[in-house]
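Structural features, examined
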Amino acid sequence: AWTKHEFSGFQNKEEFEREVVRHVETTLARSIYNCDESAAYSASSLAFRDRLVQGWNKTQQRQTFTDSKRIYYLSLEFLMGRALDNAMLNLGAKEVAKEGLAELGFRIEDIVGQEHDAALGNGGLGRLAACFLDSMATLNYPAWGYGLRYRYGIFKQEIIDGYQVEVPDYWLDFNPWEFPRHDVTVDIQFYGQVRKSQDENGKTVAIWEGGETVTAVAYDVPTPGYDTPSTNNLRLWSSKAASGEFDFQKFNSGDYESSVADQQRAETISAVLYPNDNLDRGKELRIKQQYFWVAASLYDIVRRFKKSKRSWNEFPDQVAIQLNDTHPTLAIVELQRILIDVEGLEWDEAWNIVTSTFGYTNHTVLPEALEKWPVGLIQHLLPRHLQIIYDINLFFLQSVEKRFPEDRDILRRVSIIEESQPKMVRMAYLAVVGSHKVNGVAELHSDLIQTTIFKDFVTIFGEDKFTNVTNGITPRRWLHQANPRLSELIASKTGGYEFLKDLTLLNKLELFVDDKTFRKEWAEIKFANKVRLAKYIKSTLNVNVNPAALFDVQVKRIHEYKRQQLNIFGVIHRYLTLKAMSPEERKKQQPRVSIFGGKAAPGYWMAKQIIHLINNVGGVVNQDPDIGDLLKVIFLEDYNVSKAEMIIPASDLSEHISTAGTEASGTSNMKFVLNGGLIIGTCDGANIEITREIGQENIFLFGTLSEDVEDLRHMHTYGEHPIDPNLAKVFDAIQGGMFGEPNDFNAMISAVRDHGDYYLVSDDFQSYIDTHKMVDTEYQNQEEWISKCIRSVARMGFFSSDRCINEYAEGIWNIEPLAV
Ligand code: 26V
């Protein structure tokens, strides 16, 4: 009723139905009388795809015609989730599709539910890239995403006997959202040798020759903006054997097997997404992926630039490249190589162009997550690139030495080459040296990188090179798509769906905080979302949960720094407390459902133990007749984007409880608040800015501050540190066998008790428990709770990824929207 879409995919349901029927009968070659949900999904997608392609072609033509500056977002991960629902909403034709599908005998949720998630990412970093694509298209920026077309996305998680088991995610069986471009290919070279030679002017040039070649094939995915014809391109590269490499000689001489093996080896490069492992070190295939993708993308970008016949010094006026973490850092080296070895520019001129083109976003300060590659491996795989890295480092260190002759240690500290055994290339340092701007993803995180890992570089390059761009989320997917009823209610109070394009309009909701019917509808929507999740829990886990209980949710990758162990220890404490109460006393307690979800990296043993403990606790608590509805513990299998869309709107309270200073930003914290849930959290990442925006009375903060973490860790190592007494009782219960074989959890307990409690679980335990008590009390006052939720949502405008993209565009990319 509130839709006022300027740009619409289908005029009416008849038009949509005609297109669906046409695709069923012609593209799918099936009878409409034999059309099941899967076929209806395929045909609906193809119908919408046709509409997307129209806007897409126009957008690309216009970008070419106006020859404006483009932004290229290089990311090894794009966690897109489902595309059909998003296309329907962005094209303003979901209502029409719903009615059309109903006439054909389908419910739209069932059809949308047929789609397999595009899960080409690990977590926050990959989902951020997907939100950015949505915002860049919506704001009409001329932007391209570049990534890898993995045959297998992030693994699927099964829980068997309480343990995580990984299953491959083969997702490409039928994917209507990609367009293979078999004519857009790039040959990528690996290995070989470098020879010095003289060019016609007698100048010494490097020639990289020999080795092997793998071909990159482009697959294009249209990414539509909301309520605009702008549709940008996400180009994903797939690897295949270069035509010369599929050795016909071998083939003909009967060596068929080794010829096929060569082919498979080439295809391996884009075969599988790496799950963030516990330690990010040294896999040759991973660096091959990085170079393959970066080299193909740069070739494409340079090819497009050269068509304009401009001079090279105009390159940074036409091209901005953003590096999503250090994964694409070789792009810096590759562009320098192209400019000096292929295009014949002088080093300094080339380096000026390179550094003006790149921006680098850092997403973590955790030392074990900072990328380093053995020098020997790069030497072997990319011999010319290693020479260039050494030259970049030489010139950089020379300039540093000149400016800081008195600092005897600085060269060792800032060198791109770590003089360890073996020597390593520090990718983050290379990214800093090769970019004109470096940004963190929340204020605290940006401050931390400037005072810790990049401190010396701030001294060398000056403060202006370092900046903050606080992350954001797209309200189209994370409010309108995930929570259509709440979106509609907001639209009815803020003057239509304009807030989806200008999220600060949410502030109009504050006027209605005391409006009785509004509040009632608000509460009904939350309840309905909880009922839906309760049904899902019943159908998948056969556990009954009471939708009137407080739903307490922690869904994110499992990692010690995110502290799911703190959460489950807190749940055990709650269970022990309830068990110790008299039945009368128990009746006064606030019923809770503790909901967990998330994947552990396959090689991260401790994370897998945490999942096991959560499941074992659920197994005991959920059966306990003393407890009933007072406490349920749920682990939802295979958390992913489409499940997030169901879970997040059903939360009353969500947990963002990382050890202060470890979570760069977090983005699910924003999604939960935007959907009318409150959060319990530490003073970490974007929690701090969320608090500033919504008011500290609307958030449950607890725990150590980041500036105190180091001292506490020092005390753990060198001083006395008695364990928190309530936590000790929890450990006793586990070790007494209350939740299965106690030895299974020795390592988890030892990490806290005997090995320095690096993540400060014991230090924060009491304040965590106390804060949960406050939550219980406040939840009992539903009227006040709802007021807090409404006020919070009203103040969340800042966290739109549209604001975030505008900041990148102005502060880093120097690029403007293209009028449509
Ligand atoms: C990677 C690894 C790799 C192995 C060792 C353990 C470890 C720990 C963390 C990471 C994260 C790498 C980068 C990343 O994904 N950062 C996330 O980026 C999000 C978007 O900016 C942000 O919201 C998250 O806070 C941040 O963890």
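Residues numbered from 1 in each chain as written. Predicted model: local features only at pLDDT ≥ 70, side-chain atom pairs only at ≥ 80, totals over all residues.

For the protein, the helix and strand inventory stands at 33 helices and 24 strands. Taking 28 Å as the expected radius of gyration for a compact globule of 820 residues, we find that the protein reaches 28 Å, a close match to that expectation. Projected onto its principal axes, the C-alpha positions of the protein cover 95 × 75 × 60 Å. Considering the protein as a whole, with its 820 residues, one finds that 48% of them fall into the buried category. (Helix = DSSP H or I, 4+ residues; strand = E, 2+ residues; numbered from the N terminus. Rg over C-alpha atoms; globule rule 2.2 N^0.38 Å. Buried ≥ 20, exposed ≤ 12 C-beta atoms within 10 Å, placed from the backbone.)

Attention now moves to the nonpolar core. Among the nonpolar cores identified, the biggest contains 225 residues, and Y72 and F292 are the most heavily contacted of them. Not counting the four nearest positions on each side in its chain, Y72 is found in contact with W144, Y146, I301, V319, A320 and I321. (Core = buried A, V, L, I, M, F, W, Y, C linked by C-beta atoms within 7 Å. Contact = placed C-beta atoms within 7 Å.)

Our focus in this paragraph is the sheet that holds strand β22 (residues 653–656). Spatially, six strands are ordered β21-β20-β19-β22-β23-β24 in an open sheet, and the strand pairing comes out parallel. Looking at the sheet topology across the chains shown, the edges are occupied by β21 (631–636) and β24 (700–701). Two strands pair when backbone bridges link them, and strand β19 (residues 550–555) and strand β20 (residues 592–597) are joined in this way by six bridges, in the parallel orientation. Across the sheet, residue Q554 finds its bridge partner in β20, namely F596. (Pairing = 2+ DSSP bridges.)

On to the pairing of strand β23 (residues 678–681), then. Side chains L678 and I680 project from β23 onto one buried face, and the interleaved I679 and G681 project onto a second face that is buried too. Pairing of β22 with β23 involves four bridges; the strand directions are parallel. Pairing of S654 across the sheet is with I679, part of β23. Two elements, β23 and β24, share two bridges in a ladder whose sense is parallel.

This part covers the pairing of strand β9 (residues 204–209). As paired elements, strand β8 (residues 193–198) and β9 share six bridges and run antiparallel to each other. Residue pairing in the sheet places R195 in a bridge with I207 of β9. Counting the residues that bridge the hairpin from β8 to β9 gives five residues, and of these G202 lies at a positive phi of roughly 80 degrees.

A word on the site of the ligand. Around the ligand sit 22 residues in total, of which G124, L125, H363, A369 and S665 are the nearest. For the shell around the ligand, a count of residues per class yields seven nonpolar, 10 polar and five charged. In terms of domain composition, the shell around the ligand takes at least three residues from each of domain 2 (67–82 + 117–471 + 806–813) and domain 3 (492–799). (Near = placed C-beta within 6 Å. Nonpolar A, V, L, I, M, F, W, Y, C, P; charged D, E, K, R; others polar. Domains from an automatic or database assignment.)

Another point: the packing of helix α6 (residues 124–138) against helix α33 (residues 801–813). Remark: α6 packs on α33, axes separated minimally by 9 Å, with the N-to-C direction vectors making an angle of 75 degrees. Considered as vectors, α6 and α33 are oriented roughly perpendicular to each other. In this structure, α6 contributes C131, F132, D134, S135, M136 and T138 to the contact, and α33 contributes S801, D802 and I805. (Axes fitted to C-alpha atoms, helices over the stretch in contact; angles between N-to-C directions. Parallel < 35°, antiparallel > 145°, perpendicular 65-115°, else oblique.)

Taking 1.5 Å as the rise per residue, helix α14 (residues 383–403) with 21 residues should run 30 Å; its terminal C-alpha atoms sit 31 Å apart, in good agreement. Burial in α14 covers these residues: H385, L386, I389, I392, N393, F396 and V400. For α14, the buried positions fall inside an angular range of 120 degrees around the axis, keeping them on one side. For α14, the exposed residues set more than 90 degrees away from the buried face come down to Q398, S399, E401 and K402. (Expected span 1.5 Å × (residues − 1). Arc of directions from axis to C-beta.)

Taking strand neighbours across the sheet as the criterion, the nine strands line up as β7-β10-β11-β4-β1-β12-β13-β17-β18 in an open arrangement whose pairing is mixed. Two strands bound the open sheet, and with one partner strand each, they are β7 (179–190) and β18 (466–468). Each adjacent strand pair in this sheet contributes to an overall mean axis angle of 25 degrees, direction not counted. One ladder, built from four bridges, connects strand β12 (residues 319–324) with strand β13 (residues 358–361); its direction is parallel. Each residue of the ladder has a partner; that of I321, found in β13, is F358. Here helix α2 (residues 37–66) sits on the sheet in contact with β1 (70–74), β10 (212–224) and β11 (231–241), set at roughly 95 degrees to β11. Its contacts with the sheet put α33 on β1, β12, β13, β17 (437–440) and β18, and the angle it makes with β17 is roughly 150 degrees.

Further remarks concern the domain arrangement of the protein. Partitioning the protein into domains gives domain 1 (1–66 + 83–116), domain 2 (67–82 + 117–471 + 806–813) and domain 3 (492–799). In this structure, domain 1 and domain 3 have C-alpha centres spaced 38 Å apart.

We now examine unusual backbone geometry. Looking along the chain, the bond that leaves Q421 and enters P422 is cis, with omega of 0 degrees. Residue D67 is not a glycine yet carries a positive backbone phi of 50 degrees. Within the secondary structure layout, D67 lies in the loop between α2 and β1. The phi angle at D757 is positive, at roughly 40 degrees, despite the residue not being glycine. Counting through the fold element by element, D757 comes out in the loop between α30 (746–753) and α31 (761–780).

Bringing the confidence of the model for the protein into the picture now. Scored by pLDDT, the protein has a mean of 96; 97% of the residues are at 70 or more. Two numbers describe this predicted complex: its pTM, 0.97, and its ipTM, 0.98. (pLDDT = per-residue confidence, 0-100.)

Positionally, I558 belongs in the loop between β19 and α22 (564–579). Taking C-alpha positions, I558 is 8.3 Å from G597, a pair spaced 39 residues apart along the chain. Excluding anything up to four places from it in sequence, I558 contacts Q564, G598, K599, A600, A607, I610 and I611.

Moving on, we get to the packing of helix α20 (residues 484–494) against helix α21 (residues 516–541). At their nearest, the axes of α20 and α21 sit 10 Å apart, and the two run at 165 degrees to each other. Regarding the angle of α20 to α21, the classification is roughly antiparallel. The hand of the α20/α21 crossing is left-handed. Where α20 abuts α21, its residues R485, L486, L489 and K493 lie against F518, E521, W522, I525 and A528. Classifying every residue of the contact of α20 with α21 gives six nonpolar, no polar and three charged. (Left-handed = near helix turned anticlockwise from the far one by under 90°.)

Let us now look at the environment of E368. Here E368 is to be found in the loop between β13 and β14 (372–374). Judged by C-beta crowding, with 11 C-beta atoms within 10 Å, E368 ranks as exposed. It is 44 Å that separates the C-alpha atoms of E368 and L509, two residues lying 141 residues apart in sequence.

Along the polypeptide, E463 turns up in the loop between α18 (455–461) and β18. Classification of E463 as exposed rests on a count of 9 C-beta atoms within 10 Å. Residues E463 and R476 lie 13 residues apart in sequence; the distance between their C-alpha atoms is 35 Å.

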